[in-house]
Structures are given as C-alpha cells and as structure tokens.
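Structure assessment
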Amino acid sequence: MSNLLNILANSNKDIDNQLLMDYISGKLSHSDRHLVEAWLQENEFESDALEGLEAFGNKEELQRYVNQLNKELKLYLQSKKQRREKKRIRENPWTYLAILLILAFLILAYVVLQLLNR
C-alpha cells in the first residue's frame with residue numbers, strides 16, 4: 001500500500017493521497033466521498049487513473065502489479081539514460097573535429113583573401 005502512495009505522491013496537490021486510497025477502499029464518510037467525487041469530476045486524468053485502480057479486485061494483485069510497474073519503469077529510465085550517455089560520448093569527437101575543420105577553413109580563407117588583396 002505504501003508503493004501506491006509513492007505513485008500518487010506527486011500526482012496532485014489538491015487532495016490528500018490517503019483520502020484517495022480510502023476512497024478506493026470504501027472507507028470514507030458520505031461527505032468525504034462526495035468531496036473526492038467532486039474533485040474527480042474536475043480532473044479527468046486522475047478520474048481515469050482512479051477507475052483503473054478500482055478495477056483491481058484483489059489488493060495483493062494490485063500491489064504486485066505496482067511493484068512490477070515501478071521495476072520496469074526504473075529499468076526503462078536507466079537504459080534510456082545509458083543510451084543518452086553513450087550517444088553524447090560518441091558525438092563529441094566528431095563535433096569537435098567538425099568545429100576544428102571549419103575554423104581551419106575560415107582562417108585559410110581569410111589568409112588567402114588577404115594575400116589576394118595585396
């Protein structure tokens with residue numbers, strides 16, 4: 001259940017995450033349930049996400065699914081970061097070589113133009 005709260009940690013600032021978890025579990029009073037439902041009507045994305053969480057009947061299965069998603073997301077982000085670092089390292093030598101060649105060409109062109117103007 002703590003991982004579910006971690007997922008929701010940055011998802012909203014308007015409503016308490018524990019209130020959302022209690023809403024899913026059906027532990028809210030009528031007034032709190034009404035408050036959450038009013039908030040969900042204003043926030044379509046969060047409403048869809050909450051409906052997806054409610055679709056899980058077995059809370060243990062939900063916890064296992066959340067753990068799997070977190071693990072896969074972590075692996076994906078790590079591999080993406082590694083690819084970005086490899087790409088950056090690979091591109092730098094060619095970039096520096098291209099800049100050096102352009103500068104050398106410009107200096108050569110300047111010198112040739114100066115000699116022609118004499």
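Every value quoted in this text rests on a predicted model; they were computed, and no experiment measured them.

Quick notes on the rules
- Residues numbered from 1 in each chain as written.
- Predicted model: local features only at pLDDT ≥ 70, side-chain atom pairs only at ≥ 80, totals over all residues.
- Heavy atoms only, no water.
- Helix = DSSP H or I, 4+ residues; strand = E, 2+ residues; numbered from the N terminus.
- Buried < 20%, exposed > 50% of the residue type's maximum accessible area, 1.4 Å probe, protein only.
- Contact = heavy atoms within 4.5 Å.
- Areas by Shrake-Rupley, 256 points an atom, 1.4 Å probe, with all protein chains shown as cover.
- Salt bridge = Lys/Arg side-chain N within 4 Å of Asp/Glu carboxyl O.
- Patch = residues over 30% accessible without salt bridge, like charges linked within 9 Å, V, L, I, M, F, W, Y side chains within 5 Å.
- Lys, Arg positive; Asp, Glu negative; His and termini not counted.
- Charge placed at Lys NZ, Arg CZ, Asp CG, Glu CD.
- Arc of directions from axis to C-beta.
- Polar contact = N/O pair within 3.5 Å; in protein donor to acceptor, adjacent residues only side chain to side chain.

**Quick word on the overall build of the protein chain**
Across its full length, the protein chain carries 5 helices and 0 strands. Reading the secondary structure of the protein chain in the N-to-C direction produces α-α-α-α-α. Across the 118 residues of the protein chain, 19% fall into the buried class. Taking the contacts inside the protein chain whose residues are at least 6 apart along the sequence as the reference set, 43% of them involve residues at least 24 apart. Here the protein chain displays about 9800 Å² of accessible surface, and carbon together with sulfur accounts for 58% of that area.

**Re the pattern of salt bridges**
In total, this model carries 1 salt bridge according to the counting rule given. Notably, a salt bridge pairs Arg33 with Glu37, separated by 3.7 Å at the nearest N-O pair. Taken as a pair, Arg33 and Glu37 lie in helix α3 (residues 30–42) at a separation of 4 residues, close to a single helical turn. We classify Glu37 as partly exposed; its relative accessible area is 33%.

**A short note on a negative patch on the surface**
A surface patch of negative charge is lined by Glu44, Asp48, Glu51 and Glu54. Within the secondary structure layout, Glu51 lies in helix α4 (residues 44–54).

**Some remarks on α4**
Those residues of α4 that fall on the buried side of the exposure criterion are Ser47, Leu50 and Leu53. For α4, the arc enclosing every buried residue in end-on projection is 120°, short of the 170-degree limit, so these residues lie on one face. Exposed and oriented more than 90 degrees from the buried face of α4 are Glu44 and Phe45.

**Here we look at the side chain of Asn43**
Summarising the element assignment, Asn43 is placed in the loop between α3 and α4. Residue Asn43 is classed as buried on the basis of its relative accessible area, which comes to 17%. Polar side-chain contacts of Asn43 include one of 2.8 Å to the backbone oxygen of Trp39.

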